[in-house]
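Residues per chain, in single letters:
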Amino acid sequence: MKKENCFYLGKVVSKFSFKGEVLIKLDTDEPQNYVEMESVFVDYNKNLIPFFIEKSALHKSNLLRVKFEDVDSEEDADDLMKAEIYLPLDILPELEGNQFYYHEVIGFKIIDNSFGEVGTITGVNDSTAQALFEIDRNGKEVLIPINDEFIDKVDRTSNTIFVNTPDGLIALYI
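Residues numbered from 1 in each chain as written. Predicted model: local features only at pLDDT ≥ 70, side-chain atom pairs only at ≥ 80, totals over all residues. Heavy atoms only, no water.

## Some remarks on the environment of E96
Heads up, the rule is: Each helix is a run of DSSP H or I of at least 4 residues and each strand a run of E of at least 2, with the numbering of both proceeding from the N terminus.
Summarising the element assignment, E96 is placed in the loop between strand 6 (84-88) and strand 7 (109-112). Residues E96 and K140, spaced 44 residues apart in sequence, show a C-alpha to C-alpha distance of 31 Å.

Here you go:
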């Protein structure tokens, strides 16, 4: 499995028991959707390796307590510390309306109500407090906050997102 065919689910953040259990910090608003998984892909030495799950349960809010097959000791669990966890893209439920996954809008055009065509989404920066569309406009980067109030419509047939940004926001970049 290749990383581009997967989505990031979370990261192993700590050991839980001396029997090899680990805690995975899930990067999701709905952690309960991931309790019944049979397997995940672990980024191990720059390769995605399938790991099968013996049992799992939610631990606090967005932590998943997991016992992987063949991870039976603290030493085995140590090997997985800080490893990123992935799942195949095809298991994501299809979103409708103005909801979207960040990976699915890469390559979409952004059209602003008053400005017109802004450019093409090249990425999403979600490392800040407010996630941002990274847009290429003829070689210049334009950043638009991903905000429900700004997004009028997501048109999947034309790969276009229609936005209504505050006056002057786009002009800041051009």
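## A few points about the side chain of D112
Note the threshold: Buried means the residue's accessible area, taken with a 1.4 Å probe over protein chains only, is under 20% of the maximum for its type, while exposed means over 50%, and partly exposed covers the values in between. Lys and Arg are tallied as positive, Asp and Glu as negative. Neither His nor the chain termini are counted. Salt bridges are defined as contacts in which a side-chain nitrogen from Lys or Arg sits within 4 Å of a carboxyl oxygen from Asp or Glu. Whenever two N or O atoms come within 3.5 Å, that pair is a polar contact, provided that in protein one can donate a hydrogen and the other can accept it, and provided that, for residues adjacent in sequence, both atoms are side-chain atoms. Two residues form a contact once any of their heavy atoms are found within 4.5 Å.
Mapped onto the fold, D112 is located in strand 7. No salt bridge forms around the buried D112; measuring N to O, its nearest opposite-charge neighbour R137 is 10 Å away. In terms of polar contacts, D112 uses its side chain to reach the side chain of S114, at 3.1 Å. Among the polar contacts made by the side chain of D112, one reaches the side chain of T165 at a distance of 2.9 Å. The residues touching D112, leaving out its near neighbours within four places in the chain, are V118, V163, N164, T165 and I170.

## Section: the sheet that holds strand 4 (residues 47-59)
Quick reminder of the rule: Strands are labelled as partners when DSSP assigns at least two bridges between them. Between the N-to-C directions of two axes lies an angle of 0 to 180 degrees, each axis being a line fitted to C-alpha atoms and, for a helix, fitted only over the stretch in contact.
If you walk around this closed barrel you meet the 6 strands as 1-2-5-4-3-6, and the pairing is antiparallel. Recorded for the sheet is a direction-independent mean angle of 45° between the axes of neighbouring strands. Sheet topology places strand 3 (residues 39-44) next to strand 4; 6 bridges connect them, and they run antiparallel. What sits directly across from D43, in strand 4, is L48.

## What about the sheet that holds strand 7?
An order of 10-9-8-7-12-11 is seen for the 6 strands of this open sheet, with the pairing classed as mixed. The sheet is open, and its two edges are formed by strand 10 (140-145) and strand 11 (151-155), each paired on a single side. Each strand axis lies, on average, 35° off the axis of its neighbour in the sheet, ignoring direction. Two strands pair when backbone bridges link them, and strand 11 and strand 12 (residues 160-163) are joined in this way by 4 bridges, in the antiparallel orientation. The partner of I151 across the bridge, within strand 12, is V163.

## Here's the deal with the pattern of salt bridges
Within the structure shown, the criterion is met by 8 salt bridges. Connected through shared salt-bridge partners, K15, E74 and D78 make up one network.

## Notes on the nonpolar core
Heads up, the condition is: Definition used in this section: a nonpolar core is a set of buried Ala, Val, Leu, Ile, Met, Phe, Trp, Tyr and Cys residues joined via side-chain atoms within 4.5 Å.
With 23 residues, the main nonpolar core has L9, I24, Y34, M37, V40 and F68 as its most contacted residues. Of all the secondary-structure elements, those providing two or more residues to this core are strand 1 (6-15), strand 2 (22-26), strand 3, strand 4, strand 5 (63-68) and strand 6. Excluding its chain neighbours within four sequence positions, the residues that come into contact with M37 are L9, I53, L64 and L87. If you look at the next biggest cluster of nonpolar residues, it comprises 20 residues, including F108, F133, V142 and I144.

## Some details on the packing of aromatic side chains
The criterion, for reference: The aromatic pairing rule takes the rings of Phe, Tyr and Trp, using the six-membered ring of Trp, and pairs them if the centres are within 6.5 Å, calling planes under 30 degrees apart stacked, those over 60 edge-to-face and the rest tilted.
Taken as a whole, this structure holds 4 aromatic pairs when the rule is applied. Geometrically, the ring pair formed by F51 and F68 is edge-to-face, given 5.3 Å between the ring centres and 65° between the ring planes. Highlighted residues: F51 in strand 4 and F68 in strand 5, separated in sequence by 17 residues. F68 sits in the buried class, given a relative accessible area of 0%. Members of the aromatic cluster, joined through ring pairs, are F100, Y102 and F133.

## Some words on the pairing of strand 10
Where strand 9 (residues 132-137) and strand 10 come together, 6 bridges link them in antiparallel fashion. Across the sheet, residue R137 finds its bridge partner in strand 10, namely K140. Between strand 9 and strand 10, which pair antiparallel one after the other, the connecting turn spans 2 residues, and N138 there sits at a positive phi close to 50°.

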